[in-house]
Amino acid sequence: MNGEKINLHGTTILAVRRGRHVVMAGDGQVTMKDTIMKHHAKKVRKIYEDKIIVGFAGATADALNLYERFEGKLEQFNGNITRSAVELAKDWRTDKYLRRLEAILVAADSDQLFLISGNGDVIEPDEGVLGIGSGGAYAQAAAIALIRHTDIDARTIADVAMKIAAGLCIYTNEDITIEELK
């Protein structure tokens, strides 16, 4: 590898809210350069007593570090996802070590949905749909179209949108993990 930076690709995370039903889906593919390294990675999981779903795009070790820190913030702020997201983003932006982490998080509870980044961003989407990663824009566009023009449930929207993204993005596969809060 001779000191060159390894670019990890292969992530599509999609969060969909319909009413209080929240679904987060992630594909299972991890790619290093032009090689698929793993087909069944789990990039979406429940944390904080299974009341919050998080998904990540980026370097796996960095994302796991952020999961732990975010869960620590949730413990500190009694499950307040907004305060925890803001505090994590603040730490991430100002801490010399954390600033080097290469990941982005999506976090949702039954009421709110946030993108959290190392730039200090805490963004809540307008339409209750958020996609990140290499196929995120494809999945998000498909999910928004389905939200606007159908009455299908959040889980079906996430599943269909992720399959559309997998058909367009070479770094996304159809081995999808789905977590939900109702």
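Just above, that's the structure.
Conventions we followed
- Residues numbered from 1 in each chain as written.
- Predicted model: local features only at pLDDT ≥ 70, side-chain atom pairs only at ≥ 80, totals over all residues.
- Heavy atoms only, no water.
- Buried < 20%, exposed > 50% of the residue type's maximum accessible area, 1.4 Å probe, protein only.
- Helix = DSSP H or I, 4+ residues; strand = E, 2+ residues; numbered from the N terminus.
- Pairing = 2+ DSSP bridges.
- Salt bridge = Lys/Arg side-chain N within 4 Å of Asp/Glu carboxyl O.
- Contact = heavy atoms within 4.5 Å.
- Axes fitted to C-alpha atoms, helices over the stretch in contact; angles between N-to-C directions.
- Expected span 1.5 Å × (residues − 1).
- Polar contact = N/O pair within 3.5 Å; in protein donor to acceptor, adjacent residues only side chain to side chain.

K.L.:
Provide a residue-level description of the pairing of strand S3 (residues 21–26), including the pertinent values.
P.N.:
The side chains of a regular strand alternate, first on one face of the sheet and then on the other. With 6 of 6 residues buried, S3 lies mostly within the body of the structure. The two faces of S3 match: His 21, Val 23 and Ala 25 on one face and Val 22, Met 24 and Gly 26 on the other face are all buried. Strand direction decides the pairing type here: S3 and strand S12 (residues 177–181), joined by 5 bridges, are antiparallel. Directly across from Met 24, in S12, lies its bridge partner Glu 179.

K.L.:
Mind laying out the pattern of salt bridges, listing which residues take part and the relevant values?
P.N.:
Within this structure, the stated rule accounts for 10 salt bridges. We note a salt bridge from Asp 27 to Lys 43, for which the minimum N-O separation is 3.2 Å. Of this pair, Asp 27 sits in the loop between S3 and strand S4 (30–32) while Lys 43 sits in the loop between strand S5 (35–38) and strand S6 (44–47); the two residues are 16 residues apart in sequence, bridging distant segments of the chain. In this pair, the class of Asp 27 matches that of Lys 43, namely buried. Between Asp 159 and Lys 163 there is a salt bridge, with its nearest N and O atoms 3.2 Å apart. One end of the pair, Asp 159, and the other, Lys 163, are both in helix H4 (residues 154–168), 4 residues apart, so they sit about a helical turn from each other. Residue Asp 159 is classed as partly exposed on the basis of its relative accessible area, which comes to 25%. Owing to a relative accessible area of 37%, Lys 163 belongs among the partly exposed residues under this scheme.

K.L.:
I'd like a description of the sheet that holds strand S8 (residues 103–108), backed by residues and values.
P.N.:
Strand order in the open sheet made by the 5 strands is S6-S7-S8-S9-S10, with antiparallel pairing throughout. One side of each edge strand has no neighbouring strand; the edge strands of this open sheet are S6 and strand S10 (122–123). One ladder, built from 6 bridges, connects strand S7 (residues 52–58) with S8; its direction is antiparallel. If you follow Gly 58 over to S8, its bridge partner there is Ala 103. Its contacts with the sheet place helix H1 (residues 60–76) against S6, S7, S8 and strand S9 (113–116), and it is angled at close to 150° to S7. Running over the sheet, helix H2 (residues 81–94) touches S7, S8, S9 and S10 and is turned about 5° from S9.

K.L.:
Quick rundown of unusual backbone geometry? Include the residues and the values.
P.N.:
Positive phi, normally seen in glycine, also occurs at Tyr 48, with a value near 45°. Along the chain, Tyr 48 turns up in the loop between S6 and S7. Residue Asn 78 is not a glycine yet carries a positive backbone phi of 50°. Relative to the helices and strands, Asn 78 resides in the loop between H1 and H2. On the basis of relative accessible area, Asn 78 is assigned to the exposed category, the value being 67%.

K.L.:
Explain H2 residue by residue, including any values.
P.N.:
Between its terminal C-alpha atoms H2 stretches 20 Å, which fits the 20 Å expected from 14 residues at 1.5 Å a residue. Along H2, the positions that sit buried rather than exposed are Ile 81, Ser 84, Ala 85, Glu 87, Leu 88, Ala 89 and Trp 92. One side-chain oxygen at the N-terminal end of H2 lies 3.1 Å from the backbone nitrogen of Thr 82; it belongs to Asn 80.

K.L.:
How would you explain the side chain of Asp 62 if you had to name every residue and give the values?
P.N.:
With respect to the helices, strands and loops of the structure, Asp 62 is situated in helix H1. A residue is classified by how much of its surface remains accessible, and Asp 62, at 17% relative accessible area, is buried. Apart from residues lying up to four places away in sequence, Asp 62 is in contact with Arg 100, Leu 101, Glu 102 and Ala 103.

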